[in-house]
Amino acid sequence: QARISKVTPQMGYYAKVSLYLWDMRSDYSFIPELCLSLPGAVEEYKETWDAVLYRVQGRIFALVLEDHDGNPLLNLKSDLREAAPLHARYDALMPAYHMSKKHWTSLRLDLNCPEEIVRHLITRSYELVVAGLPRRERDLLARISTDPDQ
């Protein structure tokens, strides 16, 4: 069961922040900040999944959860052709738990993976999700990224 430890006022009552993972693995503590720094990204807690979701325009690009053995995971949208060599190289990366193995990658947060690889995977996940949005929504995100006050 997830160990949710903080609710922020601007997120509302049900949207919670899962801080225990970042306390446990300070080398991955940049993940929430990076996810939320992406244009239009929001964080929410989904109680029925016991997971923290990062979304853009309502679509998930990152998902923090635990597998059936209690291992902490970060699931990210990916292209299998790009992700497969990384799965082979890093023990922390594998085809996604509980999602399409073709379109998602899991990062085991209790194992080591270089920060630059994790940053790339998060950014790439966001880019893949944004690329699948309608043009109108992509244009809105482009305006937000150039003028954050919009």
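In this report, we go over the structure that sits alongside the text. Quick caveat: nothing in here was measured; it's all calculated off a predicted structure.

## Quick notes on the nonpolar core
Counting residues in hydrophobic clusters, the biggest one holds 32 residues, and the most contacted among them are I31, F61, L74, L107, C113 and I122. Per-element tally for this core: the top contributor is helix α4 (residues 115–131), with seven residues. Core analysis: the next-biggest nonpolar cluster, separate from the first, contains eight residues, L53, L65, A96 and W104 among them.

## Some remarks on unusual backbone geometry
The phi torsion at D50 lies on the positive side, around 55°, for a residue other than glycine. Checked against the element boundaries, D50 lands in the loop between β1 (41–46) and β2 (51–56). The exposure class assigned to D50 is partly exposed, which follows from its relative accessible area of 23%. Unusually for a residue other than glycine, Q57 sits at a positive phi of about 50°.

## A few points about the side chain of T105
Secondary-structure assignment places T105 in strand β6 (residues 104–108). A distance of 2.8 Å separates a polar atom in the side chain of T105 from a polar atom in the side chain of S78. Excluding residues within four positions of it along the chain, T105 makes contact with L74, N75, L76, S78, A83, H87, L93, M94 and A96.

Criteria and cut-off values
Residues numbered from 1 in each chain as written. Predicted model: local features only at pLDDT ≥ 70, side-chain atom pairs only at ≥ 80, totals over all residues. Heavy atoms only, no water. Core = buried A, V, L, I, M, F, W, Y, C linked by side-chain atoms within 4.5 Å. Buried < 20%, exposed > 50% of the residue type's maximum accessible area, 1.4 Å probe, protein only. Helix = DSSP H or I, 4+ residues; strand = E, 2+ residues; numbered from the N terminus. Polar contact = N/O pair within 3.5 Å; in protein donor to acceptor, adjacent residues only side chain to side chain. Contact = heavy atoms within 4.5 Å.

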